[in-house]
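Secondary and tertiary structure notes
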Amino acid sequence: MKTISTTVLPAKLEYLSAFIEAVTKAAIHGGVDRKRLFYIELAMEEVLTNIMYYAYEGTEGDIGVVCRSDSRQWFTIEITDRGKAFDMTAVPSPNLTGTLSERKIGGLGIHFVKTLANEVLYRREGDRNILELKISLHSPAVR
Amino acid sequence: MKFDTKKDKDLTVVSIAGRMDAVTTPEAEDRLAGLIDAGERSFVVDLQQLDYISSAGLRGILATAKKLKAERGDIVFANLQGHVNEVFKISGFQSLFKIFDSVDAAVNELRRTE
C-alpha cells in the first residue's frame, strides 16, 4: 500500500470541506472510478461529522486522515481521532421501513458509511479510535 | 446552498439548490421551520438543482416532516436527480415520502388530497 495523502486538522465543522477535498483528490490519484467519488464524499462527511460532534465532548482535538492505494485492488481511508472510544461498526442498522412517526432522526449516517464502503474496520489503539474504510477499485459501490 | 420559495395559492413550492450537508442544512431547516411557524402547511420541495445530500440533509427533511405532521400539514418532493435519488433510496426515504417527476404533478397530488 502506498500512502497518497495525510491530512491532520482540528475536529471542527469548518474543516469538513478541506478534509473531503483532500480525500477526493487522493481517490482520483489512487485509481477510484470518478462515479464513486460521490459515495466517498458522503461516507467521509458521515464519519467526520460524527467525530466533530461527539468524539471530544466539548474539548478540542484533531482528526487524522490517511489515504492509501495499492493501485490494483483497494483504496483505503484511515480516520484517526483521540476522542472517546466509539465503534461505529457495532451500531445496529436503523429501521429503514417505518412510518414517519416511527422513523428516528439519527442513525442514518452510520448506515450510509456501512453501505457505501466495501469494508469498514474499527480498532482502538491506546487512546486512539482508528476507522478504516476500504473501497474496492473494481466492485460496485452500493451493496 | 440556495433556498427559494414560491407561494402558489394554498401551497408553497420550495426550491433547494446546491448542497444539503452538515454545514448548509441548518439554514434550510430553519427556513422551513419559519414557513411552518408562519402558517404554511402544504409544501412541494423541488430538488431539481440539488447536487448533494448527506444524512444531515435527510435529518433536516425528517425533522421538518415530523413538525408538519404535528400540524396536519404535508410535504412532497419533486425532481430528484441522480445522487440525491440514490441517497433517498438507500435511506428508505423513497417509501416514506411521495416523490414526483415534476412540480406540476406534485402540486396536482397535494390539491387532490386536500
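The coordinates are above.
Residues numbered from 1 in each chain as written. Chains lettered and ligands numbered in written order. Predicted model: local features only at pLDDT ≥ 70, side-chain atom pairs only at ≥ 80, totals over all residues. Heavy atoms only, no water.

Looking only at helices and strands, one finds 3 helices and 5 strands in chain A. Counting from the amino terminus, chain A carries its helices and strands in the arrangement β-α-α-β-β-α-β-β. The principal-axis extent of the C-alpha atoms belonging to chain A is close to 45 × 35 × 25 Å. Of all intrachain contacts in chain A linking residues separated by at least 6 positions in sequence, the fraction that spans at least 24 positions is 69%. For chain A, the exposed area adds up to about 7100 Å²; of that, 52% sits on carbon and sulfur atoms. Chain A carries 18 positive and 18 negative side-chain charges, and their two centres are separated by 5 Å. (Helix = DSSP H or I, 4+ residues; strand = E, 2+ residues; numbered from the N terminus. Contact = heavy atoms within 4.5 Å. Areas by Shrake-Rupley, 256 points an atom, 1.4 Å probe, with all protein chains shown as cover. Lys, Arg positive; Asp, Glu negative; His and termini not counted. Charge placed at Lys NZ, Arg CZ, Asp CG, Glu CD.)

On to the overall build of chain B. A count of helices and strands for chain B gives 5 helices and 6 strands. Ordered by position in the sequence, the α and β elements of chain B form the string β-β-α-β-β-α-β-α-α-β-α. In terms of overall dimensions, chain B is globule-like: its C-alpha atoms have a radius of gyration of 13 Å, near the 13 Å expected for 114 residues. The principal-axis extents of the C-alpha atoms in chain B amount to approximately 30 × 25 × 25 Å. Scored against the burial criterion, the 114 residues of chain B give a buried share of 53%. Of all intrachain contacts in chain B linking residues separated by at least 6 positions in sequence, the fraction that spans at least 24 positions is 72%. For chain B, the accessible surface area stands at approximately 5200 Å², while carbon and sulfur atoms represent 45% of it. For chain B, the separation between the mean place of its 16 positive charges and that of its 18 negative charges on side chains is 4 Å. (Rg over C-alpha atoms; globule rule 2.2 N^0.38 Å. Buried < 20%, exposed > 50% of the residue type's maximum accessible area, 1.4 Å probe, protein only.)

Summed over the entire model, instances satisfying the criterion amount to 7 aromatic pairs over all chains. Relative to Tyr-54 of chain A, the ring of Tyr-53 of chain A has its centre 6.0 Å away and its plane inclined at 75°; by these criteria the two rings are edge-to-face. Residue Tyr-53 of chain A is classed as partly exposed on the basis of its relative accessible area of 40%. Pairwise contacts between aromatic rings join Phe-77, Phe-88, Phe-93 and Phe-97 of chain B into one cluster. The aromatic ring of Trp-74 of chain A is capped on one face by Lys-134 of chain A, whose charged end is 4.5 Å from the ring centroid. (Phe/Tyr/Trp six-rings, centres within 6.5 Å; stacked < 30°, edge-to-face > 60°. Lys NZ or Arg CZ within 6 Å of the ring centre and 35° of its normal.)

Turning our eyes to something else, we now look at the packing of helix H1 (residues 16-29) of chain A against helix H2 (residues 37-55) of chain A. Residues and elements named next belong to chain A. At a minimum axis separation of 10 Å, H1 and H2 run at an interaxial angle of 145°. Crossing hand, H1 versus H2: right-handed. The segment H1 lies against H2, with Leu-16, Phe-19, Ile-20, Val-23, Thr-24, Ala-27 and Ile-28 engaging Leu-37, Ile-40, Glu-41, Met-44, Glu-45, Leu-48, Thr-49 and Met-52. Classifying every residue of the contact of H1 with H2 by side-chain character gives 11 nonpolar, 2 polar and 2 charged. (Axes fitted to C-alpha atoms, helices over the stretch in contact; angles between N-to-C directions. Left-handed = near helix turned anticlockwise from the far one by under 90°. Nonpolar A, V, L, I, M, F, W, Y, C, P; charged D, E, K, R; others polar.)

Before going further, it helps to examine the sheet that holds strand S4 (residues 119-125) of chain A. Residues and elements named next belong to chain A. Strand order in the open sheet made by the 5 strands is S1-S2-S3-S5-S4, with antiparallel pairing throughout. Whereas interior strands pair on both sides, the edge strands pair on one side only; in this sheet they are strand S1 (2-10) and S4. Geometrically, the sheet is characterised by an average inter-axis angle of 15° between neighbouring strands, direction not taken into account. Alignment of strand S2 (residues 62-69) against strand S3 (residues 74-81), held across 7 bridges, turns out to be antiparallel. Within S3, the residue paired with Ile-63 across the bridge is Asp-81. (Pairing = 2+ DSSP bridges.)

On to the interface of chain B and chain A, then. With 26 residues of chain B at the interface, the matching set in chain A holds 26 residues. Roughly 2100 Å² of surface becomes buried between chain B and chain A when both sides are summed, with 64% attributable to carbon and sulfur atoms. Counting across the chain B and chain A interface gives 1 salt bridge. Between Glu-41 of chain A and Arg-19 of chain B there is a salt bridge, and its shortest N-O distance comes to 2.8 Å. Across the chain B-chain A interface, the total number found is 12 residue pairs in polar contact (both at pLDDT 80 or more). (Buried area = accessible area lost by both parts, 1.4 Å probe. Salt bridge = Lys/Arg side-chain N within 4 Å of Asp/Glu carboxyl O. Polar contact = N/O pair within 3.5 Å; in protein donor to acceptor, adjacent residues only side chain to side chain.)

Time to look at the environment of Gln-48 of chain B. All names here are of chain B. With respect to the secondary-structure elements, Gln-48 resides in the loop between strand S3 (42-46) and strand S4 (50-53). On the basis of relative accessibility, which here comes to 39%, the residue Gln-48 falls in the partly exposed class. The spacing of Gln-48 and Ile-61 is 13 residues in sequence and 16 Å in space, taken between C-alpha atoms. Ignoring anything within four residues of it in the chain, the contact list for Gln-48 reads Ala-78, Asn-79 and Gln-81.

Residues and elements named next belong to chain A. End to end, H1 covers 20 Å across 14 residues, agreeing with the expected 20 Å (1.5 Å per residue, within 8%). For H1, every residue scored as buried is listed here: Leu-16, Phe-19, Ile-20, Ala-22, Val-23, Ala-26 and Ala-27. In an axial view of H1, the angular spread of the buried residues amounts to 160°, which keeps them on one side of the axis. Exposed residues lying more than 90 degrees from the buried face of H1 are Ser-17, Lys-25 and His-29. Tucked inside the fold, the buried residues of H1 contact S1, H2, S2 and S3. Positive phi shows up at Gly-31, right after H1, with a value of about 95°. (Expected span 1.5 Å × (residues − 1). Arc of directions from axis to C-beta.)

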